[in-house]
Amino acid sequence: MTSAAASPIPGGMKARILRIAVAMAIGLVIAAGIAWWQVQNEPQPSRTARTQETQTAVSIGGPFTLTDHTGKTVTDQDYQGQYRLIYFGYSYCPDVCPTELGSMARAMEVLGPLGDRVQPLMITIDPERDTVSHLAEYVALFHPRMVGLTGTPEQVAAVTKAYRVYAAKRPAEGGKTEEYLMDHSGFLYLMGPDGAFIRIFPAGTTGDELAADLRARLAG
Ligand code: NI
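These figures come from a predicted structure and were not determined experimentally.

Definitions and limits used
Residues numbered from 1 in each chain as written. Predicted model: local features only at pLDDT ≥ 70, side-chain atom pairs only at ≥ 80, totals over all residues. Heavy atoms only, no water. Axes fitted to C-alpha atoms, helices over the stretch in contact; angles between N-to-C directions. Helix = DSSP H or I, 4+ residues; strand = E, 2+ residues; numbered from the N terminus. Parallel < 35°, antiparallel > 145°, perpendicular 65-115°, else oblique. Left-handed = near helix turned anticlockwise from the far one by under 90°. Contact = heavy atoms within 4.5 Å. Nonpolar A, V, L, I, M, F, W, Y, C, P; charged D, E, K, R; others polar. Buried < 20%, exposed > 50% of the residue type's maximum accessible area, 1.4 Å probe, protein only. Arc of directions from axis to C-beta.

Between helix α4 (residues 96–111) and helix α7 (residues 207–219), the shortest axis-to-axis distance is 8 Å and the interhelical angle comes to 50°. Taken together, the axes of α4 and α7 lie oblique to each other. Relative to α7, the crossing made by α4 is right-handed. Facing Ser103, Met104, Arg106, Ala107, Val110 and Leu111 of α4, the residues of α7 in contact are Gly207, Asp208, Leu210, Ala211, Leu214, Arg215 and Leu218. Residues of the contact of α4 with α7, tallied by class, amount to eight nonpolar, two polar and three charged.

In structure tokens form, the structure reads like this:
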């Protein structure tokens, strides 16, 4: 008859209200996540306006000069007229890079002749070890049309900066400096035939998902 009666809301009710409030907050976060995901997966035409907004807010991509896996000096202009599917990684990567490059290769297989208008590119973030000849062997493991790009440390630093790629050397335990790993972001970039940024695919996107997205653009 004392404090509990004085409070307009009994303790048990308070706990229930709190639980409902927490549940609603979680629901809102999930709804926001689903909305974001839907925007990411909207078909091309309705996304164009938003993509342009993204470009003005954060510019991704730009000119580069690198060396391809045949030893030829190339720039972004060499891929004009083609969609570019770009992955930044390194050949010594034990797990994530091979998976992502495998997905790119799978997408190219699924697309078949349509994929002729897509250029898969692997740009190394580890130019010290990813030499021209080493990259030549590596990209051939994935797809005959995959092009590996390397360059001087300065050229690679410039292109990773332009694409806002995070990459940093992680020294191996035990101090063997030549056996380092690289910490790096694992997005796949899709650039248009004019070189402009279209979208990012998160790490883990399957080859079939990539192919479905690309097919819609190539058919349109
Ligand atoms: Ni990797």
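All right, on to helix α6 (residues 153–162) then. All of the buried residues along α6 are Val156, Val159 and Thr160. End-on view of α6: buried residues confined to an arc of 100°, all on one side of the axis. Seen from the buried face of α6, the exposed residues on the opposite side, beyond 90 degrees, are Glu154 and Lys161. Where the residues of α6 are buried, they touch β1 (65–68), β3 (83–89), β4 (118–124) and β5 (147–150). Of the residues flanking the end of α6, it is Arg164, one or two places downstream, whose phi is positive at about 55°.

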